[in-house]
Amino acid sequence: MRSERRLCEEVHLNLAYRWFCRLNLGDRVPDHSTFSKNRHGRFRACDLHRLLFEQAVTRCAVAGLVTGRDLAVDGSTIMADASREKKLKGADAADELRAGESISRPVAEYLAALDGALPPDPDEPAPVGPTSISPTDPQAALTCKHGPARYAYAINPLLDLDTDCILDVEATPARFAAEVAATRTLVSRAGTRLGIEPASLSADKAYGSGRLLGWLIDRNITPYIPVIARTR
């Protein structure tokens, strides 16, 4: 369902949805605008979505749907709602965005992330700034993965290979370096929040950097990942 309006219509008509939402036949269904206002307001300022997701995964684990032994990670591209024709030079983008007459919510979040960014760990390479940034959605990244260059994001799920249960998800700009960094976050978070210590991790060649492979081996996680060959 791609809209709150459609969701509310289905809840109004579907008895199973009413039962799930604990609504009697005579109870009113909330207005669709309630969802969007909460999502852009209160829900953005808290970790409610992650809390609900982690509780669902915990219940799957209790029911025996999680083994946590052999895991896999991959990225799926989600196109951003931003035109590739409108772009700013990466080196000057932050100053130009701050100098704008009005700052939209995506731009404000991007500038706040820049101001609050932590320096990279000693074993991580220095971040390379993007060559161009969208003035509409500056956190998205240009990618040619599915044809002409488009601004996009990557959704990186951590999957339990024995049960097909998604254990965690991390969203990043559609850059290979960001997806590799997200893998560390996913594996570390699975250990601290779910108590999962995997024996192996599978991924495609995009994740075969020496730093990530070494990081996994140092934690006794066997990587089933093709190595990126840079001998040339």
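Look a little higher up for the structure.
As the structure is a prediction and not an experimental result, all values here were calculated from the model.

Asks: Explain the packing of helix α4 (residues 48-62) against helix α7 (residues 176-194) residue by residue, including any values.
Replies: Viewed as axis vectors pointing N to C, α4 and α7 meet at an angle of 70°, and their least axial separation amounts to 12 Å. Judged by the inter-axis angle, α4 sits roughly perpendicular to α7. Across from R50, E54, V57 and T58 in α4, the residues of α7 making contact are R189, R193 and L194. Of the residues belonging to the contact of α4 with α7, the class tally is 2 nonpolar, 1 polar and 4 charged.

Asks: Give a detailed account of unusual backbone geometry, specifying residues and quantitative values.
Replies: Despite not being glycine, R22 has its phi angle at roughly 60°, a positive value. Looking at where R22 falls in the secondary structure, it is placed in the loop between α2 (15-20) and α3 (32-40). Judged by relative accessible area, which is 77%, R22 ranks as exposed. Not every positive phi belongs to a glycine, and D164 is a case in point at roughly 65°. Relative to the helices and strands, D164 resides in the loop between β6 (150-160) and β7 (166-173). Assessed through its relative accessible area of 58%, D164 is described here as exposed.

Asks: Quick rundown of the pattern of salt bridges? Include the residues and the values.
Replies: Per the counting criterion, the structure on display carries 8 salt bridges. In this structure, the salt-bridge partner of R69 is D70, at a minimum N-O distance of 3.5 Å. Where D168 meets R189, a salt bridge forms, and the shortest distance between an N and an O atom there is 2.8 Å. One end of the pair, D168, is in strand β7; the other, R189, is in helix α7, and 21 residues separate them in sequence. Among the ionic contacts, a cluster of salt bridges with common partners joins R50, E54, D168, E170, R189 and R193.

Asks: Give me the lowdown on the packing of helix α1 (residues 4-13) against α3, citing residues and values where you can.
Replies: When two helices pack together, you describe them by how their axes are tilted relative to each other and by the distance separating the axes. Taken N-terminus to C-terminus, the directions of α1 and α3 make an angle of 135°; their axes are 8 Å apart at the nearest point. The angle between α1 and α3 falls in the class oblique. Seen from above, α1 lies across α3 with right-handed handedness. Across the interface between the two elements, E4, R5 and C8 from α1 touch H32, F35, S36 and R39 from α3. In terms of residue class, the contact of α1 with α3 is built from 2 nonpolar, 2 polar and 3 charged.

Asks: Quick one: what's the story with a nonpolar patch on the surface, residue by residue and with numbers?
Replies: A contiguous nonpolar patch, built from M1, L7, Y17 and F35 and spanning about 350 Å² of accessible area, is present on the exposed surface. Take Y17: it is sitting in helix α2.

Asks: Tell me about the environment of H32, and please be specific about residues and values.
Replies: Mapped onto the elements of the fold, H32 is located in helix α3. Overall, H32 belongs to the partly exposed group, its relative accessible area being 25%. Taking the C-alpha atoms as reference points, H32 and L7, separated by 25 residues in sequence, lie 7.9 Å from one another. If we ignore the near neighbours within four places in the chain, the residues touching H32 are E4, R5 and C8. Within polar-contact distance, the side chain of H32 engages the side chain of R5 at 3.4 Å.

Asks: Could you give an account of helix α6 (residues 105-115), with specific residues and numbers?
Replies: If you check which residues of α6 are buried, you get V107, Y110 and L111. Taken end-on, α6 shows its buried residues confined to a sector of 95°, consistent with a single buried face. The inward-facing, buried residues of α6 abut α5 (93-98) and β4 (132-133).

Asks: Before we move on, could you go through the environment of R84 and cite the residues and values that matter?
Replies: Its place among the elements puts R84 in the loop between β2 (76-79) and β3 (88-89). C-alpha separation for the pair R84 and I133, spaced 49 residues apart in sequence, amounts to 9.3 Å. Other than its neighbours up to four places away in sequence, R84 contacts P148, A149, R150 and Y151.

Rules and cut-offs
Positions within a chain are numbered from 1, following the residues in the order the chain's sequence is written. Thresholds applied to this predicted model are a pLDDT of at least 70 for local features of residues and 80 or more for the giving and counting of side-chain atom pairs; totals over whole chains, interfaces and linings are not thresholded and use all residues. The side-chain values count all of the structure's non-hydrogen atoms but skip hydrogen atoms and water molecules. Only the stretch in contact is used when fitting a helix axis, every axis being a line fitted to C-alpha atoms; angles between N-to-C directions are given from 0 to 180 degrees. In this description a helix means any DSSP run of H or I spanning at least four residues, a strand means any run of E spanning at least two, and both kinds are numbered starting from the N terminus. We call two directions roughly parallel when the angle between them is under 35 degrees, roughly antiparallel when it is over 145, roughly perpendicular when it lies between 65 and 115, and oblique otherwise. In this analysis, two residues are considered to be in contact whenever any of their non-hydrogen atoms come within 4.5 Å of each other. Note on residue categories: nonpolar means Ala, Val, Leu, Ile, Met, Phe, Trp, Tyr, Cys or Pro, charged means Asp, Glu, Lys or Arg, and polar means any other residue, Gly included. Exposure classes here rest on a 1.4 Å probe applied to the protein chains alone. A residue is buried below 20% of its type maximum, exposed above 50%, and partly exposed in between. Put simply, a salt bridge is a Lys or Arg side-chain nitrogen that is within 4 Å of an Asp or Glu carboxyl oxygen. Throughout, a crossing is termed right-handed when the near helix is turned clockwise from the far one, and left-handed when it is turned anticlockwise from it by less than a right angle. Here, patches come from residues exposed beyond 30% relative accessible area and free of salt bridges, joined within 9 Å for like charges and within 5 Å for nonpolar side chains (Val, Leu, Ile, Met, Phe, Trp, Tyr). In short, Shrake-Rupley with a 1.4 Å probe defines the accessible areas, and a residue's cover is counted only from the protein chains shown. Throughout this description, a polar contact denotes any pair of N or O atoms lying within 3.5 Å of each other; where both atoms belong to protein, one of them has to be capable of donating a hydrogen while the other can accept it, and for residues adjacent in sequence the pair is counted only when both atoms sit in side chains. Within this analysis, the arc is defined by the directions that extend from the helix axis to the C-beta atoms.

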